[in-house]
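Breakdown of the fold
Chain by chain, the residues:
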Amino acid sequence: MIAAIGTLPFAAALLLLVVIAPALSEAANKSMALPDCQATCGGVDIPYPFGVGEKCYRDEGFAITCQNGTTPFLAGTGYQVLNLSVASSEARVQLPIAHECYNESGINETAGEPVSFNRKGVYRVSNIRSEFVVLGCNAMAYIMNRAKAGAPYDYDIYTGCFTYCPTIESTVDGRCKGAGCCTVDIPPGLSDNSIRFQEYNQSYYYKVTPCSYSFLVDREYYHFSKADLRMKKNMMMPVWLDWAIRPPNGTDTLTCADAKMNSTSYACQGRNSNCTDSVNGPGYSCRCPDGYEGNPYTDSSGGCTNINECENPEKYKCYGHCEDTDGSYECKCPRGRRGKPKEAPCEPILSRVAQILIGAMGGIAFIAILALIMLIMHQKRKLRAFFKRNGGPMLESINNIKIFTKEEMNQITENYGIVLGKGGFGQVGSIAVACLKEDMDERPNMKQVVENLQLVRREWKQRQGEYGEYGDQAANEISLERSPDSLSMNATGAETPGYSPLLK
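To keep things clear, this report deals only with the structure shown in the data block. (Residues numbered from 1 in each chain as written. Predicted model: local features only at pLDDT ≥ 70, side-chain atom pairs only at ≥ 80, totals over all residues. Heavy atoms only, no water.)

Topic: empty space enclosed by the protein
By the definition in use, this model includes 3 cavities of 30 Å³ or more. Its boundaries defined by the atoms lining it, the largest cavity holds a volume of some 80 Å³. As for the largest cavity, its lining consists of 13 residues, of which Gly61, Ala75, Phe117, Arg119 and Tyr123 are closest to the centre. Residue composition of the lining of the largest cavity, by class: 6 nonpolar, 4 polar and 3 charged. Residues lining the lining of the largest cavity come from more than one domain, with at least three contributed by each of domain 1 (29-85) and domain 2 (90-243). (1 Å grid on protein atoms, 1.4 Å probe; cavity = no way out; pocket = protein on both sides within 12 Å on 5 of 7 lines; lining within 4 Å. Points joined across faces, edges and corners; volume = space filled by probe spheres on them. Nonpolar A, V, L, I, M, F, W, Y, C, P; charged D, E, K, R; others polar. Domains from an automatic or database assignment.)

Below, the structure is given as structure tokens:
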């Protein structure tokens, strides 16, 4: 019993390993970190050129600290990393807000230390995805960053906005148009920065809005609310940063053309990688071309590999037949349809009315052909029944007899104008002609034909015996003195199916 209990933890661990091993293998295959480097931290992917630990990042500007193994930070700062993207060359981080608070005497607290996240010049605040916000009543704030030495102004960037509140009720949730909230776009090139408030009389507002606030924020994340006029002072806001491979000192120009001249330091080492000049500050970034995905900065993870668009129809639309190609995909309408299947469903080449008409005509044609086949089969069965009922099988059983069709007899007798044979054979021809009379009541039946043929055959043999070796010649000289109409055969009224017997 003790031994059995002792084996349970081992069995459970073995089962867990079997379950998670495929998932770990798949995650390793998709990792975009360098070999033997930490690929994630707290659920955030850490792709190269970023890295955790020495020899895992391109340079110190891309170093990431994984605090307690659960929370990533920009190395050397207190700014948490929320996302790192190689595809868009962006990073999303948490930055602090600045605030200024008041009492009846005026300003009693100001907090807004300079924000420094760009030790090696890698980052710029995204002017596309981030904005500057000011909250409060009678509040004005500016954001700025220091200019380089020798510049005509103290700051390269200096921008802000002003808020007012005629009454607190004038503020509206979701509207940041000046009443309690204002926003301003920021120009490209903003990196390390600081925020400054303009002093205004707050004796009327401090009880309702005791503080003014200002911060950078992801423009899709923030939506103004009246409650924000009393937000917590230690809040952090998500901000998008653009990153690139920058010049060593962060100020000189560096383009793709410049970088390609030095193959050792050129960053775009991944297979199928393309180089793109930065649009937010100097430098360049590496991108996978359209139709490819992966890490363009290293070949260790496969570089840029082809995307199978057909496996992701929600992203890559195809309303027809999808076929993956290298770097793209083809989408074709099914046969009988046309259109632009990557944009909308295919339409029939023929209109609905035309399809109905064609279907109806096809159905009628099918029914007509089927009826014709059935009629032909019925006629054949009927003809065979006539043949059998009038003694046809008995005629077929006689040796040296060939049965000609009506059409063949027309040709042989030249439409019944010639009596076949001479002598005894003329009698055979007469029998045949009698069988082809148009009036069905005048035709002999098959039994009568067989009996008359037997008589002709016996007569022929008798004549051979009388004439000896000249029997054949003499028989041929015997002419038929009776016409086909005088044959002593009484018709029974049975229908004859158009067959005529002759001796071979």
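There's more to say after this.
As for the nonpolar core
In terms of nonpolar packing, the biggest core is built from 55 residues, with Phe117, Tyr123, Phe132 and Tyr284 touching the most fellow members. Beyond its immediate sequence surroundings of up to four residues, Tyr123 is in contact with Phe50, Gly61, Leu74, Ala91, Phe117, Asn118, Ser191, Leu241, Asp242, Trp243 and Arg246. In this structure, Cys101, Cys181, Tyr222 and Leu229 belong to the second largest nonpolar core, which totals 15 residues. (Core = buried A, V, L, I, M, F, W, Y, C linked by side-chain atoms within 4.5 Å. Buried < 20%, exposed > 50% of the residue type's maximum accessible area, 1.4 Å probe, protein only. Contact = heavy atoms within 4.5 Å.)

Some words on the pairing of strand S14 (residues 194-198)
Side-chain alternation along S14 places Ile195 and Phe197 on a buried face and Ser194, Arg196 and Gln198 on a face that remains uncovered. Relative to S14, strand S11 (residues 139-146) runs antiparallel, the two sharing 5 bridges. Paired with Ile143 across the bridge in S14 is Ile195. (Helix = DSSP H or I, 4+ residues; strand = E, 2+ residues; numbered from the N terminus. Pairing = 2+ DSSP bridges.)

Observations concerning the sheet that holds strand S10 (residues 130-135)
The strand order across the open sheet built from 5 strands is S8-S7-S15-S10-S13, with neighbouring strands paired in antiparallel fashion. Two strands in the sheet have a free side with no partner beyond their single neighbour: strand S8 (106-111) and strand S13 (181-184). Each neighbouring strand pair of the sheet contributes to a mean axis angle of 20 degrees, computed without reference to strand direction. Here S10 pairs with strand S15 (residues 211-218) via 6 bridges, running antiparallel. From the neighbouring strand, Val133 faces S15, where its bridge partner is Phe215. (Axes fitted to C-alpha atoms, helices over the stretch in contact; angles between N-to-C directions.)

That's the geometry; what it means functionally is another story.
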